[in-house]
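Coordinates in review
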Amino acid sequence: PKRIRPCKTREVKETLDAKDSEILENLIMSFDWPVKTLEKALAEKGIMLGEGVIRKHRHKLCGCYDR
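Here is a short report on the structure shown in this document. (Residues numbered from 1 in each chain as written. Predicted model: local features only at pLDDT ≥ 70, side-chain atom pairs only at ≥ 80, totals over all residues. Heavy atoms only, no water.)

**Describing the overall build of the protein**
Along its length, the protein carries four helices and zero strands. From first element to last, N terminus to C terminus, the protein shows the α and β order α-α-α-α. For 67 residues, the compact-globule formula gives about 11 Å, and the C-alpha radius of gyration of the protein, at 12 Å, lands near that figure. The principal-axis extents of the C-alpha atoms in the protein amount to approximately 40 × 25 × 15 Å. With 67 residues in all, the protein has 30% of them scored as buried. (Helix = DSSP H or I, 4+ residues; strand = E, 2+ residues; numbered from the N terminus. Rg over C-alpha atoms; globule rule 2.2 N^0.38 Å. Buried < 20%, exposed > 50% of the residue type's maximum accessible area, 1.4 Å probe, protein only.)

Structure (structure tokens):
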């Protein structure tokens, strides 16, 4: 069986509706948003994703992507 590695970003996205999940994914993958700035902006909206989580997802080093 294929192993599903954890990813906090995926867990958060699964709690959102499809539109908000897509917006979050686009924000995380946008290099227009510095990681620390994005972390703070998301926290203001009640979405707690740390700098390391955002960085790993952005660089496709998390459980969402095959390495």
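**Some words on the side chain of T9**
With respect to the secondary-structure elements, T9 resides in helix α1 (residues 8-14). When its relative accessible area of 0% is taken as the criterion, T9 is described as buried. Those residues in contact with T9 that lie beyond four places of it in its chain are I28, L49, V53 and H57. (Contact = heavy atoms within 4.5 Å.)

**Topic: helix α4 (residues 51-58)**
For an α-helix the count is 3.6 residues per turn, leaving residues at separations of three or four pointing the same way. Three or more residues of α4 are buried, namely I54, H57 and R58. Looking straight down α4, one finds its buried side chains confined to an arc of 100 degrees; they lie on one side. In this fold, the buried residues of α4 make contact with α1, α2 (18-29) and α3 (35-44). One or two positions beyond α4, positive phi appears at K60, with a value near 55 degrees. (Arc of directions from axis to C-beta.)

**With respect to the state of the cysteines**
Enumeration according to the criterion identifies zero disulfides in this entry. Distance from the sulfur of C7, which forms no disulfide, to the nearest cysteine sulfur (C62) is 3.6 Å. Judged by relative accessible area, which is 6%, C62 ranks as buried. (Disulfide = S-S within 2.5 Å.)

**Some points on the environment of F31**
The residue F31 is located in the loop between α2 and α3 in this model. Overall, F31 belongs to the exposed group, its relative accessible area being 59%. Separated by 23 residues in sequence, F31 and K8 place their C-alpha atoms 19 Å apart. Among all residues touching F31, those that are not within four sequence positions of it are R58 and H59.

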